[in-house]
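Read off the chains here:
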Amino acid sequence: MQKGKFITIDGVEGAGKSTQINFICGYLKDKGINVALTREPGGTELGEKIRTLLLSPKTKSMHSDTELLLMFAARNEHIHAKIMPILEKGDWVLSDRFTDASYAYQGGGRGLDVDRIAKLEEWVLQDFTPDMTLLLDVPVELGMSRVESRGEKDRIELEDMDFFNRVRDAYISRSKQFPDRIKLIDSSETVEHTKEQIKIILDSL
Ligand SMILES: Nc1ncnc2c1ncn2[C@@H]1O[C@H](COP(=O)(O)OP(=O)(O)OP(=O)(O)O)[C@@H](O)[C@H]1O
Ligand SMILES: [Mg+2]
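What this report covers is the structure whose coordinates are included nearby. Note that the structure is predicted; figures quoted are calculated from it, not measured.

## Focus: the overall build of the chain
- The number of helices and strands found in the chain is eight helices and five strands.
- Along the chain, from the amino end to the carboxyl end, the secondary structure elements read β-α-β-α-α-β-α-α-β-α-α-β-α.
- Computed over C-alpha atoms, the radius of gyration of the chain comes to 16 Å, within 12% of the 17 Å expected from 2.2 N^0.38 for 205 residues, which places it in the range of a compact globule.
- In terms of overall dimensions, the chain has C-alpha extents of about 45 × 35 × 30 Å along its principal axes.
- Looking at the chain as a whole, 35% of its 205 residues qualify as buried.
- Expressed as a percentage of contacts within the chain between residues at least 6 apart in sequence, the contacts between residues at least 24 apart total 82%.

## A word on the site of ligand 1
- Looking at ligand 1, there are 14 residues lining it, with Gly16, Lys17, Ser18, Thr19 and Arg146 nearest.
- The element that contributes the greatest number of residues to the shell around ligand 1 is helix α1 (residues 17–30), accounting for three residues.
- A breakdown of the residues in the shell around ligand 1 according to their chemical character gives three nonpolar, eight polar and three charged.

## Section: unusual backbone geometry
- Going from Glu40 to Pro41, the amide bond is cis rather than trans, its omega being -15 degrees.
- Structurally, Pro41 can be placed in the loop between β2 (35–39) and α2 (45–55).
- For Arg97, which is not a glycine, the phi torsion comes out positive at approximately 80 degrees.
- Looking at the secondary structure, you find Arg97 in the loop between β3 (92–96) and α4 (99–109).
- For Arg97, a count of 22 C-beta atoms within 10 Å puts it in the buried group.
- Look at Gln126: it is not a glycine, yet its phi comes out positive at around 50 degrees.
- Within the secondary structure, Gln126 sits in the loop between α5 (114–125) and β4 (132–137).

## Let's talk about the packing of α2 against helix α3 (residues 64–89)
- Taken N-terminus to C-terminus, the directions of α2 and α3 make an angle of 165 degrees; their axes are 9 Å apart at the nearest point. Taken together, the axis directions place α2 and α3 in an arrangement best described as roughly antiparallel. Crossing geometry of α2 relative to α3 is assigned as left-handed. Two secondary-structure elements touch here, α2 through Leu46, Gly47, Ile50, Arg51, Leu53 and Leu54 and α3 through Glu67, Leu70, Met71, Ala73, Ala74, Glu77 and His78.

The rules we used
- Residues numbered from 1 in each chain as written.
- Chains lettered and ligands numbered in written order.
- Predicted model: local features only at pLDDT ≥ 70, side-chain atom pairs only at ≥ 80, totals over all residues.
- Helix = DSSP H or I, 4+ residues; strand = E, 2+ residues; numbered from the N terminus.
- Rg over C-alpha atoms; globule rule 2.2 N^0.38 Å.
- Buried ≥ 20, exposed ≤ 12 C-beta atoms within 10 Å, placed from the backbone.
- Contact = placed C-beta atoms within 7 Å.
- Near = placed C-beta within 6 Å.
- Nonpolar A, V, L, I, M, F, W, Y, C, P; charged D, E, K, R; others polar.
- Axes fitted to C-alpha atoms, helices over the stretch in contact; angles between N-to-C directions.
- Parallel < 35°, antiparallel > 145°, perpendicular 65-115°, else oblique.
- Left-handed = near helix turned anticlockwise from the far one by under 90°.

Okay, here's the thing in structure tokens:
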């Protein structure tokens, strides 16, 4: 039985996920909560190998369904080998991306049928779902400009603006579909402004 809380953070490139994760972790620790950080795709030894297959620009071609299946294969490992055991111990888990990213990137971005993603979600996760998802929202151009100086892009980051605008739109529609779980946060202003919104949400948990 799950005792800890499972929090996920999602959003387009440069939305500020990695920046805010450090803050969230410190904020929860100050409240006496043990929180484990993890990320998707990845989070386990096998999952990180799948991440390399998924994100390396050396992977020249990959069918969109293969991409979706690899994301869920890594996620299955992640849930069983890492997330659930931590939650059962009573600690919290904070994941940089989770299933909403499959709906956004493979659904919105690649245009895969949402019903097929939902079937896969049901198959892999059953009724396991985050207790709360922080969706950091930023216009695609702004997010991209924040991460521009980062150097070589991964295989998915090489997609065009239209792709990422579809990703953003899909994230926003998911937040409307699941308003209780997915908290839409404006991350287009300062780091501090985003932090303040997150603080209010965390205090309500
Ligand atoms: N609200 C903000 N205002 C201005 N700059 C920000 C803000 N949030 C983050 N940044 C800066 O933007 C850059 C990208 O942020 P970060 O790495 O946290 O994004 P990310 O969502 O994790 O991106 P990715 O999806 O590529 O991992 C960092 O240099 C960070 O300092
Ligand atoms: Mg990041």
